[in-house]
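Residue strings, one per chain:
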Amino acid sequence: MSHVARILDGKALAARLRAEVAVRVAALGRAAGRTPGLAVVLVGEDPASAIYVRNKTRACEEAGIASRRLALPTDVPQADLLAAVRALNADPAVDGILVQLPLPSHLDERAVLEAVDPAKDVDGFTFANIGRLVENRPRFVPSTPLGILELLDRERIEIAGRHAVVVGRSEIVGKPTALLLLHRDATVTICHSRTTDLPAVTRQADILVMAVGKPQLVTGPMVKPGATVIDVGITRVGGRLVGDVEFASVSRVASALTPVPGGVGPMTVAMLLKNTLQAFERFAGRSAG
């Protein structure tokens, strides 16, 4: 009988997590006398960004979180965008602020992110929140890395003492995922475009996280038998969505594997809701005290 990896169903787990958030939101909302609020800042008309924002808005509504979309034109001046973010910082009905990336090229992305109050930075992208993560004193952790760890934990996949290889060093996924795994006592290797002999490194991984956006980069021979493989990549190829992992060959080698779509993606949205709930819990705690 041929081996087939266990599929880590992020879609099903995300649905459970969103239901858990909804229960907590309802209870806290009654105590606090208001509904938690998430504001999403969308600049321009990038189709992919518009879809992401629509999905986040729908997920918020289902969880009982008030979602506000602030849509600004593509040519919005930097000063106007910063003023809009600061107004959201000052709004007591807004618990979380999310600036949808990427921003148009004339805008200073880092300056805009830094304008967000770290206590409302539910994306975890401000220097203040990145620094807290490095120190293992996190406030808000970026949603995709947080979703990866939640998936590993809920599926009872051991992290401590395992060799984790993260392929990709982005600020949004690769680096924070490596830090989270390190804080959970994994031995962590980060690979990137300048890594020599990538297959030799990936074959050492007990936990392999692929986050580079190169379709089907990793094949079965590059994976250690029995490894857990987390595929963050998502690219449209020939009318279908594929990940960084060649699913058919890797599923015959790995012990567990996330599908694309339906793996990490739904977890990202669920963790955004969880971060917004966490921000609201701080407000509810202050109002109760």
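The structure this text deals with has already been given above.
Thresholds applied
- Residues numbered from 1 in each chain as written.
- Predicted model: local features only at pLDDT ≥ 70, side-chain atom pairs only at ≥ 80, totals over all residues.
- Heavy atoms only, no water.
- Axes fitted to C-alpha atoms, helices over the stretch in contact; angles between N-to-C directions.
- Helix = DSSP H or I, 4+ residues; strand = E, 2+ residues; numbered from the N terminus.
- Parallel < 35°, antiparallel > 145°, perpendicular 65-115°, else oblique.
- Contact = heavy atoms within 4.5 Å.
- Phe/Tyr/Trp six-rings, centres within 6.5 Å; stacked < 30°, edge-to-face > 60°.
- Lys NZ or Arg CZ within 6 Å of the ring centre and 35° of its normal.
- Buried < 20%, exposed > 50% of the residue type's maximum accessible area, 1.4 Å probe, protein only.
- Pairing = 2+ DSSP bridges.
- Right-handed = clockwise from strand over helix to strand, strands pointing away.
- Lys, Arg positive; Asp, Glu negative; His and termini not counted.
- Salt bridge = Lys/Arg side-chain N within 4 Å of Asp/Glu carboxyl O.
- Polar contact = N/O pair within 3.5 Å; in protein donor to acceptor, adjacent residues only side chain to side chain.

Undergrad: Help me understand the packing of helix α1 (residues 10-32) against helix α6 (residues 143-154) in this model?
TA: To characterise two packed helices, one gives the angle between the axes of the helices and the distance between these axes. Closest axis-to-axis distance for the α1/α6 pair is 11 Å, and the angle between their directions is 100°. In terms of orientation, α1 and α6 fall into the roughly perpendicular class. Together, Gly-10, Leu-13, Leu-17 and Glu-20 of α1 and Glu-150, Leu-151 and Arg-154 of α6 make up the contact between the two elements.

Undergrad: Looking at this structure, I do not really get the packing of aromatic side chains. What am I missing?
TA: Two aromatic rings are characterised by how far apart their centres lie and by the angle between their planes. Within this structure, the stated rule accounts for 1 aromatic pair. Ring centres of Phe-280 and Phe-283 lie 5.8 Å apart, and the angle between their planes is 20°; on these two criteria the pair is classed as stacked. In this pair, Phe-280 and Phe-283 are both assigned in helix α10 (residues 264-288), 3 residues apart and thus about one turn of the helix distant. For Arg-110, the ring lying beneath its charged end belongs to Phe-127, and the centroid distance is 4.2 Å. The residue whose ring lies beneath Arg-282 is Phe-140, and the NZ or CZ to ring-centre distance is 5.3 Å.

Undergrad: In this structure, what is going on with the pairing of strand β5 (residues 163-167)? I would like to understand it.
TA: Two faces belong to every sheet, and in a regular strand the side chains alternate between them. A large share of β5 lies buried, amounting to 5 of its 5 residues. Both faces of β5 are covered, namely the face carrying His-163, Val-165 and Val-167 and the face carrying Ala-164 and Val-166. Where β5 lies against strand β6 (residues 187-191), 5 bridges are found, and the strand directions are parallel. Within β6, the position partnered with Val-166 by the bridge is Ile-190. In this region the chain leaves β5, passes through helix α7 (residues 174-183) and returns to the parallel neighbour β6; the handedness of that crossover is right-handed. Here β5 pairs with strand β7 (residues 207-210) via 4 bridges, running parallel. Opposite Ala-164, over in β7, you have Ile-207 as the bridge partner.

Undergrad: Looking at this structure, I do not really get the side chain of Lys-56. What am I missing?
TA: With respect to the helices, strands and loops of the structure, Lys-56 is situated in helix α2 (residues 47-63). Of the side chains bearing the opposite charge, Asp-123 lies closest to the buried Lys-56, which forms no salt bridge; the N-O distance is 5.7 Å. Only 2.9 Å separates the side chain of Lys-56 from the side chain of Gln-100, close enough to count as a polar contact. Apart from the residues within four sequence positions on either side, Lys-56 is in contact with Leu-98, Gln-100 and Leu-272.

Undergrad: Quick question: what am I supposed to make of the packing of α1 against α2 here?
TA: Viewed as axis vectors pointing N to C, α1 and α2 meet at an angle of 50°, and their least axial separation amounts to 8 Å. In terms of their interaxial angle, α1 and α2 are classed as oblique. On α2, the residues that touch Arg-18, Val-21, Ala-22 and Val-25 of α1 are Ala-59, Glu-62 and Ala-63.

Undergrad: I keep staring at the sheet that holds strand β3 (residues 66-72) and nothing clicks. Help me out?
TA: With parallel pairing, 3 strands are arranged side by side in an open sheet as β3-β2-β4. A strand with exactly one partner marks an edge of an open sheet, and here the two such strands are β3 and β4 (96-99). Strand-to-strand twist across the sheet, computed as the mean angle between neighbouring axes with direction ignored, equals 20°. With 4 bridges joining them, strand β2 (residues 37-43) and β4 adopt parallel strand pairing. Across the sheet, Ala-39 pairs through a bridge with Ile-97, a residue of β4. α2 rests against β2, β3 and β4 of the sheet, and its axis sits at about 170° to β2. Its contacts with the sheet place helix α3 (residues 78-90) against β2, β3 and β4, and it is angled at close to 165° to β3.

Undergrad: Please clarify how the sheet that holds strand β11 (residues 256-257) should be interpreted in this entry.
TA: Within a sheet, neighbouring strands are paired by backbone hydrogen bonds and run either parallel or antiparallel to one another. If you walk across this open sheet you meet the 6 strands as β1-β11-β8-β7-β5-β6, and the pairing is parallel. Strands at the two margins of the open sheet, each flanked by one partner only, are β1 (6-7) and β6. As paired elements, strand β8 (residues 228-231) and β11 share 2 bridges and run parallel to each other. Looking at β11, one finds that Thr-228 is bridged to Ala-256. Where α7 meets the sheet, its contacts fall on β5, β6 and β7, and the angle it forms with β5 comes to roughly 170°.

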